[in-house]
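# Tertiary structure, described
Listed below are the residues making up each chain.
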Amino acid sequence: MIFLLFGCSAKEEVIEDDIEYIDPVKDVFIFSALDSAVQYRIAKANGNRDYNNYQFKMLFRDVYENDLQDIDGNSINLKDYDKLIVEVVSADCAHCRKQNEYIDDFLNFFDGTFIQYFNVGDKNEILEFYEGTKIPEDLIIISRDEGFKDYLLQDLGLKKYPSMLGFYDQKVSFMADGETDIIGFREFCSIAFDDRLDENDFTDKDGNDLLTINRAVDDVKNDLSIENQNKIKELDNDDYTEELTYQLMSKKVNFTDMSNKKSDVFINEIDDFTLYQDKELVLFYTFLRDNSQVDRVDFINSLIEDNPDLSFIVILIEGAESSSAALNNMKIKFKCPVVSTLGYIPKDFFSFAIAAYPSAVFVNKGTFSGAYSNIKDKQTFKKATTVFLGEECVAYKSNNQING
């Protein structure tokens, strides 16, 4: 079940320790925040398509610095060219074949160096790609190179074939993905070389730098030390602990912006959630199909008993069957307060998806610090409490000074 993310408004000041957290995820669709004239230029040069955040992140990156070889064995270094286009294609891509119908027009128009790089395709496959068509003499063709592949996919984050990268003065000046024709190519050359974008084009009305204000999950992850990244990875037994942790990490929790009114149908055992805003708090998420699932209650209670220094709240996920009704029909009860997602509860407590039960979300004195999805056993849960709470909390900037 996916829940909507709501904004926060503080009712009263929360007294916090003097702790700096890793900067959290901040989702900004950069293209929509740009000046309309800049949007128009970028879209025209990108095949009349909106520009994705991952494309913006490529801009102004350094060119690949290692030597490459063309299909004739000649050594090529991209740093030797001040005005360069690299077209990234695949030998088995139908869209690349269609775009290649314009290759002569591209070369005739562009007055710099044009390289066609086949990220999929060896020399024989490239020759088959050109079967029936003469390879232009002034076109440099490079077949798959592992180092350059990593640069494109890992360093730049390229996602599509065909893609076109413009480099000016050894930096990415523009990139476009998807098919283009000669009209689109001319627009590409204009924005990449003739009338280039600069930093003033990427500020919003408040003067914020849109290329740096946006933070994705990977940006949060990369701010952690390798050691702390590995600690989180070791907890991940269902491919969701990492995702949810980096999505939530360092976001402030609003304990007063409530969802729903108090209900007689759904369980609400807390009247004032601000009592938890200065606590080391664990939120347990679970679903109860019927009153036979006492094992789920027993397991969470065992985790609570083993960690007496922490505060806990159980959050019941309501589905087609009512978890509240199931718990009310059980003789056993949770050893901590219980609230329902359909009851009186802070909106921030269910502004994200939970993929498996039980799962834990950790709140360190008013700040999300991590998550442990699909809790395996008491030992790994104990490990999670040391990763996300206390002095070793991985969300603290002070615990991530060395990344290597």
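Residues numbered from 1 in each chain as written. Predicted model: local features only at pLDDT ≥ 70, side-chain atom pairs only at ≥ 80, totals over all residues. Heavy atoms only, no water.

## Considering the overall build of the chain
The condition is simple: Elements are defined by DSSP. Helices are runs of H or I of four residues or more, strands are runs of E of two residues or more, and each kind is numbered from the N terminus. Exposure is judged per residue with a 1.4 Å probe applied to protein chains only, and the accessible area is read against the type maximum: over 50% gives exposed, under 20% gives buried, and values in between give partly exposed. The contact definition used throughout considers only heavy atoms, calling two residues in contact when any of these lie within 4.5 Å. Every accessible area reported is derived by Shrake-Rupley at a probe size of 1.4 Å, with residue values counting cover from the shown protein chains alone. Within this scheme the basic residues Lys and Arg register as positive and the acidic residues Asp and Glu register as negative, but His and the chain ends are omitted. For the purpose of locating charges, the reference atoms are NZ of Lys, CZ of Arg, CG of Asp and CD of Glu.
Counting its regular elements, the chain contains 15 helices and 14 strands. The principal-axis extent of the C-alpha atoms belonging to the chain is close to 80 × 45 × 45 Å. Every one of the 404 residues in the chain was classed for burial, and the buried ones make up 50%. Counting only contacts in the chain whose residues sit at least 6 apart along the sequence, the fraction spanning at least 24 positions is 74%. With an accessible surface of roughly 19900 Å², the chain has 44% of that area assigned to carbon and sulfur atoms. In the chain, which carries 42 positive and 75 negative side-chain charges, the distance between the mean positions of the two groups comes to 5 Å.

## Observations concerning the environment of alanine 33
On the secondary structure map, alanine 33 appears in helix α1 (residues 30-33). Sequence spacing of alanine 33 and leucine 210 is 177 residues, and the spatial spacing of their C-alpha atoms is 7.9 Å. Contacts of alanine 33, omitting those with residues within four sequence positions, involve Gln39, Asp204 and Leu210.

## Digging into the nonpolar core
To be explicit about the condition: Only buried residues count toward a nonpolar core. Its members are Ala, Val, Leu, Ile, Met, Phe, Trp, Tyr and Cys residues joined through side-chain atoms within 4.5 Å.
Core analysis: the biggest nonpolar cluster contains 66 residues, and Ile42, Leu78 and Phe174 have the highest contact counts within it. Those residues in contact with leucine 78 that lie beyond four places of it in its chain are Val63, Tyr64, Leu68, Leu84, Val86, Ile115 and Phe148. Grouped together as the second largest cluster of nonpolar side chains are 40 residues, Leu224, Tyr246, Leu327 and Cys393 included.

## Here's the deal with the pattern of salt bridges
The line we're drawing: Any carboxyl oxygen of Asp or Glu within 4 Å of a side-chain nitrogen of Lys or Arg constitutes a salt bridge here.
Taken as a whole and judged by the stated rule, the model has 17 salt bridges. For arginine 289, the salt bridge goes to aspartate 290, with nearest N and O atoms at 3.5 Å. Judged by relative accessible area, which is 27%, aspartate 290 ranks as partly exposed. One continuous salt-bridge network, built from bridges that share partners, spans Arg144, Glu146, Lys149 and Asp150.

## Observations concerning the sheet that holds strand β4 (residues 113-120)
Formally: Two strands qualify as a pair provided DSSP detects at least 2 bridges between them. Think of each axis as a best-fit line through the C-alpha atoms, taken over the contacting stretch in the case of a helix, with angles from 0 to 180 degrees between the N-to-C directions.
The sheet built from five strands is open, its strands ordered β5-β4-β3-β6-β7 with mixed pairing. Each edge of the open sheet is held by one strand with a lone partner, namely β5 (140-142) and β7 (171-177). Across the sheet, the axes of successive neighbouring strands diverge by a mean angle of 20°, strand direction being ignored. Sheet analysis places strand β3 (residues 83-90) next to strand β6 (residues 163-168), joined by six bridges and oriented antiparallel. Its bridge partner lying in β6, isoleucine 85 is registered against glycine 166. Across the sheet, helix α7 (residues 146-156) is in contact with β3, β4, β6 and β7; its angle to β4 comes to roughly 90°.

## A word on the confidence of the model for the chain
Heads up, the condition is: Per residue, pLDDT captures the predictor's confidence, and it can take any value from 0 to 100.
Predicted confidence across the chain gives a mean pLDDT of 90, with 95% of residues reaching 70 or more. Low pLDDT, under 50, characterises residues 1-16; the stretch is placed with 29 contacts to residues that sit more than four places away or in other chains.

## Examining a negative patch on the surface
Rules: Every patch collects residues that have over 30% relative accessible area and no salt bridge, joining them within 9 Å if they carry like charges and within 5 Å if they are nonpolar side chains (Val, Leu, Ile, Met, Phe, Trp, Tyr).
On the surface, Asp92, Asp122, Glu125, Glu128 and Glu131 cluster together into a patch of negative charge. In this structure, glutamate 125 sits in helix α6 (residues 123-129).

## Concerning the packing of helix α11 (residues 226-235) against helix α12 (residues 241-248)
This is how the line gets drawn: For classification purposes, angles smaller than 35 degrees are called roughly parallel, those larger than 145 roughly antiparallel, those between 65 and 115 roughly perpendicular, and all remaining angles oblique. All residues other than Ala, Val, Leu, Ile, Met, Phe, Trp, Tyr, Cys, Pro, Asp, Glu, Lys and Arg, Gly among them, are scored as polar; the first ten of these are nonpolar and the last four charged.
Viewed as axis vectors pointing N to C, α11 and α12 meet at an angle of 130°, and their least axial separation amounts to 8 Å. On the basis of their axis angle, the class for α11 and α12 is oblique. Together, Gln229, Ile232, Lys233 and Leu235 of α11 and Thr241, Glu242, Thr245 and Tyr246 of α12 make up the contact between the two elements. Among the residues making up the contact of α11 with α12, the classes are represented as three nonpolar, three polar and two charged.

## Considerations on the environment of glutamate 269
To keep things clear, this is the line we draw: For the purposes of these results, a polar contact is taken to be a pair of N or O atoms within 3.5 Å, where, inside protein, one atom must be able to donate a hydrogen and its partner to accept one; residues adjacent in sequence count only when each atom of the pair is a side-chain atom.
By the secondary structure assignment, glutamate 269 is in the loop between β8 (258-259) and β9 (280-286). Judged by its relative accessible area of 47%, glutamate 269 falls in the partly exposed class. Distance from glutamate 269 to valine 314, taken between C-alpha atoms, is 10.0 Å for residues 45 residues apart in sequence. A polar atom in the side chain of glutamate 269 sits 2.9 Å from the backbone nitrogen of valine 338.

## A short note on the pairing of β7
In terms of burial, β7 is largely enclosed, as six of its seven residues are buried. Sheet topology note: the β6/β7 ladder contains six bridges and is antiparallel. Considered in β7, the bridge of tyrosine 168 is made with lysine 171. Connecting β6 to the next strand, β7, in antiparallel fashion are two residues, including aspartate 169 with a positive phi near 55°.

## A word on α7
Spacing of three or four residues puts side chains on the same side of an α-helix, whose turn is 3.6 residues. We apply this condition: Directions from the helix axis toward the C-beta atoms define the arc.
Among all positions of α7, only Phe148, Lys149, Tyr151, Leu152 and Leu156 are buried. The buried residues of α7 occupy an angular sector of 160° when projected down its axis, which confines them to one face. Tucked into the core, α7 has its buried residues touching α3 (53-56), β1 (68-69), β3, β4, β6 and β7. Capping of α7 at its N-terminal end is provided by aspartate 145; its side-chain oxygen lies 3.1 Å from the backbone amide nitrogen of glycine 147. Following α7 by one or two positions, glycine 157 has its phi on the positive side, about 85°.

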